[in-house]
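The primary structure of each chain is shown beneath.
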Amino acid sequence: MLRRIVRHEWRALASDATLWVVAAVFGVAIGYGVWNGARWVTFQSNALASASAEEATRYDGLKARVEALSQPGAKVSPFADPRSPSNVGGRLGPRYAMLPPGPLAPLAIGQSDLLPYYFKVSTEARENIVAATEIENPNRLLAGRFDLAFVIIFLYPLLILALTYNMLSAEQEQGTLSLTLSQPVALRTLVSGKVILRALILVGLVVAFSAAALLLSGADLTAPGAATRLALWLAVVAAYGAFWFGLAIIVASLGRNSTTNATILASAWLILIVMTPSLFNMAATSFYPVPSRVEMVQAIREAQDEANKGGSQALARFYEDHPELATGDPAQAMNDFNVVRVAVNDDVERRVRPVVNRYEEQIAKQQRVIDSLRFLSPAILMQSALNDIAGTGTDRHRDYLAQVDAYHQQWRDYFVPKIFAKTLIADFDQVPRFGYREEATSVVSARVTVALAGLLVPALVIGAIGLRRLRRFPVVA
């Protein structure tokens, strides 16, 4: 009987122009979303390629200059000497620490247009390196970017509701529902057949259009972990759709007319997708306001000025913290510009660290508030899951920053002893390079599974309640 209901519903929907309009609009929106995401990924990839090319050209130039200095009579200023560890580690030889786009990055731009994805690492203070990022167009950041995640989170539920708000009320108003139920079929079976068909159509459209657009975008589906991420994406899309279908069932079970059903469902979409995330964000920023980034940059500048003024004192403090480096004549070291510069950078970090810690702590508290409330909004759950799958969320970026910090420390550990020992750089190939280590797929899967459960469990509960309520459904309006 269920199969017969599905076939009948398909003939009814196929003869209605609404289905084809929905499919066309959905296809165009998905295609444009993936194209826009792929365009952003291409922009990032080109920027990283340009950075790599600039670094390679710069190092070729350093090697050529060192070769020229090996000629008899060649001279160079100490401040421009390409063999000086202070010059190479500071101004001449910084290397880029880059965060490459994930294999499924075209699916969701996420936070990747807000968070920096490359740093130029040197012996400078960490805060100078992290603060020196590109400035994005604020109007674009305010409006956000249209991507597939936007289509799934905002438009996908609307299309589900457009095809389900009157699945029972229309027949009830036309007087055909009682005729249908006079056959050996239960109302729950009838509703299940209607929902199954609509779910197959809409989920099929999402999967087919998204897969086609993803392949055309050039995404590397053979990359390690890509298949798992794609399976997770399909699972969360299905769970998100199940939530809205469950909501449609429970509204249909109320026995109201089509207009009332549409109003209730539209209100639910507005509250859950638009208002609730905004209110949660407002609450997080109100309870844990983040210090102004301008304040942090100003603190860095003031710390630099103060540290430069007290370079000798900073050097003395540095020797106290690192006695193993206090070799040679201290009086001569005090006057050594390169040594003082190392101490100044260390002093800048010490002065700025409280401001940076306060900034990062407030951000972490805001994130904890959102994480604790996210199960009250399917939109927040969906956004976090899609960002995790695409590799454009805050968790992956936080892991990247930790790797940058470790690389910065490795860079200093390589150059600082050479600066203090006044040895020259002989082999540029030995200069540390950054290699990003992707998060383990199991770690990503664990985070996404939590969001998946947060979507699927309410969907099943709401759907079950709706089907149970159908026992009291008024067949005749």
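Before reading on, note that the structure itself is shown above.
On a predicted model such as this, the values are computed, not experimentally measured, just so you know.

Caption draft 1: Expanded view of the side chain of Q403. On the secondary structure map, Q403 appears in helix α17 (residues 394-421). Setting aside chain neighbours within four positions, we find Q403 in contact with F434, G435, Y436 and R437.

Caption draft 2: Region of interest: the pattern of salt bridges. Tallying each qualifying case throughout the model produces 11 salt bridges. Here R398 and D395 are joined by a salt bridge, their closest N and O atoms 3.0 Å apart. Taken as a pair, R398 and D395 lie in helix α17 at a separation of 3 residues, close to a single helical turn. Between R396 and E438 there is a salt bridge, with the nearest N and O atoms lying 2.9 Å from each other. Of the two residues, R396 is situated in helix α17 and E438 in the loop between α17 and α18 (441-469); the sequence distance between them amounts to 42 residues. Here the salt bridges do not stand alone but share partners, grouping D388, D395, R398, E439 and R447 into one network.

Caption draft 3: Representation of the side chain of Q366 within the structure. Its location among the elements puts Q366 in helix α15 (residues 337-373). Take Q366: its relative accessible area is 14%, and that puts it in the buried class. Reaching out from Q366, the side chain makes a polar contact with the backbone oxygen of Y288 at a distance of 2.7 Å. Look past the residues within four positions of Q366 in its chain and what remains in contact with it is A284, T285, Y288, P289 and V290.

Caption draft 4: How the structure looks around the packing of aromatic side chains. For the coordinates displayed, the defined rule picks out 19 aromatic pairs. With 5.3 Å between their ring centres and 90 degrees between their planes, F243 and W244 make a pair best called edge-to-face. Aromatic side chains Y407 and F434 sit 5.4 Å apart centroid to centroid with 65 degrees between the ring planes, which places their arrangement in the edge-to-face category. One end of the pair, Y407, is in helix α17; the other, F434, is in the loop between α17 and α18, with 27 residues separating them in the sequence. For the pair formed by Y407 and F434, the shared burial category is buried. Ring pairing ties together the aromatic residues F119, Y400, Y407, W411, Y414, F415, F434 and Y436, which thus form one cluster. In this structure, R95 packs its charged tip against the face of Y59, placed 4.0 Å from the ring centre. Over the aromatic face of Y414 sits the side chain of K418, whose NZ or CZ is 4.9 Å from the ring centroid.

Caption draft 5: Quick peek at the packing of helix α6 (residues 148-164) against helix α10 (residues 226-252). Put simply, α6 and α10 touch, their axes get as near as 10 Å, and they point 35 degrees apart. Between α6 and α10 lies a crossing of right-handed hand. Facing L148, I152, I153, Y156, P157, I160, L161 and T164 of α6, the residues of α10 in contact are W233, V237, Y240, G241, W244, F245 and A248. Of the residues in the contact of α6 with α10, the class split is 13 nonpolar, 2 polar and no charged.

Caption draft 6: Inspection of the packing of helix α2 (residues 17-69) against helix α9 (residues 187-216) at higher detail. The interhelical angle for the contact between α2 and α9, taken along N-to-C directions, is 35 degrees, at an axis separation of 9 Å. Handedness of the α2/α9 crossing: right-handed. Only I201, L202, L205, V206, F209, S210, A213 and L214 of α9 make contact with α2, whose side of the interface consists of L19, V22, A23, F26, G27, I30, G31 and V34. Classifying every residue of the contact of α2 with α9 by side-chain character gives 13 nonpolar, 3 polar and no charged.

Caption draft 7: Inspection of the environment of T441 at higher detail. One can find T441 in helix α18. Sequence separation between T441 and P224 is 217 residues, and the spatial gap between their C-alpha atoms is 8.6 Å.

Caption draft 8: The environment of I264, seen in detail. Residue placement: I264 occurs in helix α11 (residues 258-287). For the pair I264 and Y165, spaced 99 residues apart in sequence, the C-alpha separation works out to 9.2 Å. Sequence-distant contacts of I264, that is, excluding residues within four places in its chain, are made with V251 and L254.

How each quantity is defined
- Numbers given for residues are sequential positions, taken from 1 along each chain in its written order.
- Restriction of local features to residues with pLDDT of at least 70 applies here, the model being predicted, together with a cutoff of 80 or more for giving and counting side-chain atom pairs; totals for whole chains, interfaces and linings are based on all residues.
- Excluded from the side-chain calculation are hydrogens and water; included are all heavy atoms of the structure.
- Counting from the N terminus, the helices are the DSSP runs of H or I reaching at least four residues and the strands are the DSSP runs of E reaching at least two.
- Contact criterion: two residues are considered in contact whenever any of their non-hydrogen atoms come within 4.5 Å of each other.
- Throughout this description, the term salt bridge denotes a Lys or Arg side-chain nitrogen within 4 Å of a carboxyl oxygen of Asp or Glu.
- Per-residue accessibility, obtained with a 1.4 Å probe over protein chains only, is compared with the maximum for each type, and a residue is labelled buried under 20%, exposed over 50%, and partly exposed between these values.
- Any N or O atom pair separated by 3.5 Å or less is treated as a polar contact, with the protein-specific requirement of one donor-capable and one acceptor-capable atom, and with residues adjacent in sequence counted only for side-chain atom pairs.
- Ring geometry is summarised as follows: Phe, Tyr and Trp rings, the Trp one being its six-membered ring, pair when their centres sit within 6.5 Å, and such pairs are stacked at plane angles under 30 degrees, edge-to-face over 60 and tilted between the two.
- By the criterion adopted, a ring carries a charge over it if an Arg CZ or a Lys NZ lies within 6 Å of its centre and within 35 degrees of its normal.
- Orientation is described by axes fitted as lines to C-alpha atoms, over the contacting stretch for helices, and by angles from 0 to 180 degrees between their N-to-C directions.
- Here is the rule for handedness: rotate from the far helix to the near one, and if that takes an anticlockwise turn smaller than a right angle the crossing is left-handed, while a clockwise turn gives right-handed.
- Charged means Asp, Glu, Lys or Arg here, nonpolar means Ala, Val, Leu, Ile, Met, Phe, Trp, Tyr, Cys or Pro, and polar covers whatever is left, Gly included.

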